[in-house]
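Per-entry structural report
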Amino acid sequence: MKQLRLGVLVGLFAAAGVLSWAGARLWSSVDTLPGVPVAAPVVLALIAAVLLATALSMRSRLRAQRERRPGAKGVDPMMAARAVVFGQASALVAALVAGLYGGVGVHLLTEALDLPARRDQALYAGFSVLAGAAVVAAAFFLERILRLPDDDEGAPAAPAAP
């Protein structure tokens, strides 16, 4: 499984932002720009909280297992793999959604702040971008917690078979 790359997430965020900004300008020219839902930052913040709670739980279980505490619960490898996949998928989707709302937010900030409802939507869009960044940060933290040590580090070289 490949690790998350910040460059891919930033590129996805930027591409979605530019496309949504252009789409928002086009939609706004016919006065039918849909609103930014209030639930967008809430849902992203909940996903970030779940990822962070998972990472902290896994970290404490791994620490207890490493210290050989009596009664320590181990981490099931399949559960760890599922958590990493969930984190990676969440980070990709959050980068896309944050870019989408970021582009709409930039459009609202530059052209539509004269209406109070549009100011509120620009605020919701900004909170969505922040919550998306929190999801990405939590996914990187989870991935770091559950990373396996490299096999090449400190392992003696196996002798060649004759």
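Below, the structure is looked at part by part. Small disclaimer: the values here were computed from a predicted structure and weren't measured. (Residues numbered from 1 in each chain as written. Predicted model: local features only at pLDDT ≥ 70, side-chain atom pairs only at ≥ 80, totals over all residues. Heavy atoms only, no water.)

Moving on: the overall build of the protein chain. When helices and strands are counted, the protein chain shows 4 helices and 0 strands. Of the regular secondary structure in the protein chain, the N- to C-terminal order runs α-α-α-α. Its C-alpha radius of gyration of 21 Å places the protein chain more than 25% over the 15 Å reference for a compact globule of 162 residues. Taken along the three principal axes of its C-alpha coordinates, the protein chain extends 75 × 45 × 20 Å. Counting all 162 residues of the protein chain, 31% fall into the buried class. Intrachain contacts of the protein chain at a sequence separation of at least 6 include 84% that bridge at least 24 residues. (Helix = DSSP H or I, 4+ residues; strand = E, 2+ residues; numbered from the N terminus. Rg over C-alpha atoms; globule rule 2.2 N^0.38 Å. Buried < 20%, exposed > 50% of the residue type's maximum accessible area, 1.4 Å probe, protein only. Contact = heavy atoms within 4.5 Å.)

Where helix α2 (residues 39-66) contacts helix α4 (residues 116-145), the two axes come as close as 8 Å, and the packing angle between them is 15°. With respect to their mutual orientation, α2 and α4 come out roughly parallel. At the point where α2 passes α4, the crossing takes the left-handed sense. Residue composition of the contact of α2 with α4, grouped by class: 22 nonpolar, 3 polar and 1 charged. (Axes fitted to C-alpha atoms, helices over the stretch in contact; angles between N-to-C directions. Parallel < 35°, antiparallel > 145°, perpendicular 65-115°, else oblique. Left-handed = near helix turned anticlockwise from the far one by under 90°. Nonpolar A, V, L, I, M, F, W, Y, C, P; charged D, E, K, R; others polar.)

With that settled, the discussion passes to the environment of Thr110. Among the secondary structure elements, Thr110 is positioned in helix α3 (residues 77-111). What makes Thr110 exposed here is its relative accessible area of 54%. In this structure the side chain of Thr110 is engaged in a polar contact, spanning 3.0 Å, whose partner is the backbone oxygen of Val106. Side-chain polar atoms of Thr110 contact the backbone oxygen of His107, separated by 3.1 Å. (Polar contact = N/O pair within 3.5 Å; in protein donor to acceptor, adjacent residues only side chain to side chain.)

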